[in-house]
Amino acid sequence: MIVYAEVEFMIPTAHSLKEKRAVLQRMVTRTKQKFNVSVAEIDHQDVWQRTRLALVSVASSKDAAERELMRALHFLQSNPEWEQLEFYREYL
């Protein structure tokens, strides 16, 4: 089973692309290290204070894939440097 999600964050403390990328790179790297998911920025690459991430989890069952994806999402949401704007999930 494959679970795909998109999540959009606002980074109010970022005042340049360099500051945004520092926050984003740190969280993406930690998420990939801690959880069995793939993560990539898919939109707003040239916008200072917004980012849209895609997360994908693959597992033998729907429950296992969703559980891992949700654990990764909760980790991303725990970052005080940004706030979640949107969330979308799809099962493939």
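Our subject is the structure listed above.
Residues numbered from 1 in each chain as written. Predicted model: local features only at pLDDT ≥ 70, side-chain atom pairs only at ≥ 80, totals over all residues. Heavy atoms only, no water.

Caption draft 1: Representation of the sheet that holds strand 1 (residues 2-10) within the structure. If you walk across this open sheet you meet the four strands as 2-3-1-4, and the pairing is antiparallel. A strand with exactly one partner marks an edge of an open sheet, and here the two such strands are strand 2 (38-43) and strand 4 (83-91). Each strand axis lies, on average, 20° off the axis of its neighbour in the sheet, ignoring direction. In terms of strand pairing, strand 1 meets strand 4 through eight bridges, oriented antiparallel. Residue pairing across strands places Phe9 opposite Gln84, the latter belonging to strand 4. (Pairing = 2+ DSSP bridges. Helix = DSSP H or I, 4+ residues; strand = E, 2+ residues; numbered from the N terminus. Axes fitted to C-alpha atoms, helices over the stretch in contact; angles between N-to-C directions.)

Caption draft 2: Highlighting the environment of Trp48. Take Trp48: it is sitting in the loop between strand 2 and strand 3 (50-58). Relative accessible area serves as the criterion here: at 47%, Trp48 is assigned to the partly exposed category. In sequence terms Trp48 and Ala14 are 34 residues apart; their C-alpha atoms lie 6.2 Å from each other. (Buried < 20%, exposed > 50% of the residue type's maximum accessible area, 1.4 Å probe, protein only.)

Caption draft 3: Highlighting the packing of helix 1 (residues 17-34) against helix 2 (residues 62-77). Packing of helix 1 against helix 2 brings their axes to within 10 Å, and their N-to-C directions diverge by 150°. Here helix 2 runs roughly antiparallel to helix 1, going by the angle between their axes. Note on packing geometry: the crossing formed by helix 1 with helix 2 is right-handed. Side by side, helix 1 and helix 2 meet where Met27, Arg30, Thr31 and Lys34 of the first sit next to Ala72, Phe75 and Leu76 of the second. (Parallel < 35°, antiparallel > 145°, perpendicular 65-115°, else oblique. Left-handed = near helix turned anticlockwise from the far one by under 90°. Contact = heavy atoms within 4.5 Å.)

Caption draft 4: Highlighting the packing of aromatic side chains. Applying the stated criterion across every chain yields a total of two aromatic pairs. Pairing Phe35 with Phe75 gives two aromatic rings, centres 5.7 Å apart and planes at 55°, and the pair type is tilted. Placement of the pair is Phe35 in the loop between helix 1 and strand 2 and Phe75 in helix 2, with a sequence separation of 40 residues. Neither residue differs from the other here; Phe35 and Phe75 are each classed as buried. A cation over an aromatic ring shows up here: Lys62 above the ring of Tyr91, its NZ or CZ 4.3 Å from the ring centre. (Phe/Tyr/Trp six-rings, centres within 6.5 Å; stacked < 30°, edge-to-face > 60°. Lys NZ or Arg CZ within 6 Å of the ring centre and 35° of its normal.)

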